[in-house]
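# A structural walkthrough
The residues making up each chain are set out below.
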Amino acid sequence: MALRPVLQFPDPRLRRRSLPLPEGALSPALRELARDMIEIMYDEPGIGLAAPQVGEAIRLVVMDTDWDSEDPATRNPSVLVNPQIIARRGQLTWTEGCLSVPDFQADVERAEHVQVRYADLEGKLHSEEVSGLRAVCFQHELDHLDGILFIDRISKLRRDGYVRRRRKALKFAAPAAGRPGAAL
Ligand code: NI
């Protein structure tokens, strides 16, 4: 079975505000979606994927900030249902990329530490304080649920430059180049 494609900027479906999922265990259809999203994340490869990136406007995210693409045994995906950021502390700058923003990376300012809350597949609630890459990943993926992309958080000058290049690339329908580095 072919994996669903990851939607790419400027697809308007990336700009929708996603709806919360009902409390409690996920339905079989949503479990299947979460499984598919995990497979897509590893296949791309990326370290996080939010449901809107595969066309579903719901508050569901998959993430694995530890895996080594050379070693499938290191895979340890989390499924985050209705994730929320409860508190933010400190500041850091991180070079981000995104599976939905091809061929571009830029420095983004984020909170260094965030306290997060989410439910798992079974509806059990979790609370975590995360830092560094995992904190950046949470902030990036939760933005997707509100229709926000990392290019919205950089200077207008850099964003306009990217948008122009992207329009040109789409116009000439050039095949996508490889994407080095971690994509969220
Ligand atoms: Ni992303």
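Residues numbered from 1 in each chain as written. Predicted model: local features only at pLDDT ≥ 70, side-chain atom pairs only at ≥ 80, totals over all residues. Heavy atoms only, no water.

What follows is about the state of the cysteines. With the rule as written, the count across this model stands at 0 disulfides. We note that C137 lacks a disulfide partner, and the nearest cysteine sulfur, in C98, lies 10 Å from it. A relative accessible area of 0% means that C137 is categorised as buried. (Disulfide = S-S within 2.5 Å. Buried < 20%, exposed > 50% of the residue type's maximum accessible area, 1.4 Å probe, protein only.)

Attention shifts here to helix α1 (residues 28–43). Counted at 1.5 Å a residue, the expected span for α1 with its 16 residues is 22 Å, and the 22 Å between its end C-alpha atoms agrees. Along α1, the positions that sit buried rather than exposed are L30, L33, A34, D36, M37, I38, I40, M41 and Y42. On the buried face of α1, the contacting elements are β1 (48–50), β2 (60–63) and β3 (78–89). (Helix = DSSP H or I, 4+ residues; strand = E, 2+ residues; numbered from the N terminus. Expected span 1.5 Å × (residues − 1). Contact = heavy atoms within 4.5 Å.)

Below, the discussion takes up the pairing of strand β5 (residues 101–110). Within a regular strand, the side chains alternate between the two sheet faces. Direction of pairing for strand β4 (residues 92–98) relative to β5: antiparallel, over a ladder of 6 bridges. Looking across to β5, one finds that T95 is bridged to D107. (Pairing = 2+ DSSP bridges.)

Now for the packing of aromatic side chains. Within this structure, the stated rule accounts for 5 aromatic pairs. Clustering of aromatic rings is evident, with ring pairs tying together F9, F104, F150 and Y162. The ring of Y42 carries the charged tip of R75 above its face, separated from the ring centre by 4.3 Å. (Phe/Tyr/Trp six-rings, centres within 6.5 Å; stacked < 30°, edge-to-face > 60°. Lys NZ or Arg CZ within 6 Å of the ring centre and 35° of its normal.)

Turning our attention to the sheet that holds strand β7 (residues 125–131). Sheets are built from strands paired through backbone hydrogen bonds, the pairs being either parallel or antiparallel. Read across the open sheet, the 5 strands follow the order β1-β2-β3-β6-β7; overall the sheet is antiparallel. Looking along the sheet, the strands with just one partner apiece sit at the ends: β1 and β7. Strand-to-strand twist in this sheet, taken as the mean axis angle between neighbours without regard to direction, amounts to 40°. By the bridge criterion, 3 bridges tie β1 to β2 in an arrangement that is antiparallel. Among the inter-strand pairings, L49 is bridged to a residue of β2, identified as V62. Against the sheet, α1 contacts β1, β2 and β3, and its axis sits at roughly 40° relative to β2. (Axes fitted to C-alpha atoms, helices over the stretch in contact; angles between N-to-C directions.)

Let us look at the pattern of salt bridges. If you walk through the whole model with that rule in mind, you get 12 salt bridges. Note that R31 is salt-bridged to E122, the shortest N-O span being 3.3 Å. One end of the pair, R31, is in helix α1; the other, E122, is in the loop between β6 (113–119) and β7, with 91 residues separating them in the sequence. A residue is classified by how much of its surface remains accessible, and R31, at 23% relative accessible area, is partly exposed. Among the residues examined, E122 registers a relative accessible area of 51% and is labelled exposed. Among the ionic pairs, R134 bridges to E128, the shortest N-O distance being 3.1 Å. (Salt bridge = Lys/Arg side-chain N within 4 Å of Asp/Glu carboxyl O.)

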